[in-house]
Amino acid sequence: MKILLVSDSHGNNEAINMLLKQYPKMDLYLHCGDSESDEFSLYPYRAVKGNCDYAYNFPEYLVVPTPYGNMFVQHKPHPNADLLRSNHIKIFAYGHTHVRKYSEELGIIFINPGAISFARDKYDGSYAIVTITEKKVEVEFHTLEESISKV
């Protein structure tokens, strides 16, 4: 399974649409919140509500089945432990910090793709390609600058 994972685009639909053209054969497109766009503008991305998405009707979180195990997607970086346990979560994807991150804690893989807009690290325009099999999760971080240079 291949997932294009983005977050914190803050209305920069041009960037996320460019990624759709660059990666047309993903199994899933996920947005970790603060899109500041409606669901129709984001399609085919599935999105969760970020703290700047107060005008849009996105769910607070998503549980996505993957070959490795369930993925939990929400905007803020602090998961609800009960929700993680009750949904048998193996992967936790989030945004909000505008900093890309990969870590493994207590048997759960944590992924923040960084920010499409307004990064707080040196990777402005950051996103992730997540490849998931039954045995492993691989995360490749990229930037919009790299994507534009490939065109």
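Structure's up top.
Predicted, not measured: the structure shown is a model, and the values here were computed from it.

Rules used throughout
- Residues numbered from 1 in each chain as written.
- Predicted model: local features only at pLDDT ≥ 70, side-chain atom pairs only at ≥ 80, totals over all residues.
- Heavy atoms only, no water.
- Pairing = 2+ DSSP bridges.
- Helix = DSSP H or I, 4+ residues; strand = E, 2+ residues; numbered from the N terminus.
- Contact = heavy atoms within 4.5 Å.
- Axes fitted to C-alpha atoms, helices over the stretch in contact; angles between N-to-C directions.
- Core = buried A, V, L, I, M, F, W, Y, C linked by side-chain atoms within 4.5 Å.
- Buried < 20%, exposed > 50% of the residue type's maximum accessible area, 1.4 Å probe, protein only.
- Salt bridge = Lys/Arg side-chain N within 4 Å of Asp/Glu carboxyl O.

(A) Structural view of the sheet that holds strand β10 (residues 137-143). Taking strand neighbours across the sheet as the criterion, the five strands line up as β3-β2-β1-β9-β10 in an open arrangement whose pairing is mixed. Each end of this open sheet is capped by a strand with a single partner; those strands are β3 (46-47) and β10. Pairing geometry for strand β1 (residues 2-6) and strand β9 (residues 126-132), over four bridges, is antiparallel. Within β9, the residue paired with L5 across the bridge is A128. Packing against the sheet, helix α1 (residues 13-22) makes contact with β1, β2 (28-31) and β9, and its axis sits at approximately 165 degrees to β1.

(B) Broad picture of the nonpolar core. By size, the foremost hydrophobic cluster in this structure holds 18 residues, and its most contacted members are L5, L30, M71, V73 and V130. Only β1, β2, β4 (61-64), β5 (70-74), β6 (89-93), β8 (108-112) and β9 provide two or more residues apiece to this core. By residue number, the principal contributor to this core is β9, which donates three residues. If we ignore the near neighbours within four places in the chain, the residues touching M71 are I3, L30, L62, V63, V64, T66, I89, I91, A93 and I132. Listed in part, the 17 residues of the second largest apolar core include M26, L42, F58 and Y127.

(C) Representation of the pattern of salt bridges in the model. Using the criterion set out here, one finds two salt bridges in the structure. Residue R85 pairs with D82 through a salt bridge whose shortest N-O separation is 2.7 Å. Taken as a pair, R85 and D82 lie in helix α3 (residues 81-86) at a separation of three residues, close to a single helical turn. The residues R85 and D82 share a single accessibility class, namely exposed.

Honestly, that's just the spatial picture; any functional story needs more than this.
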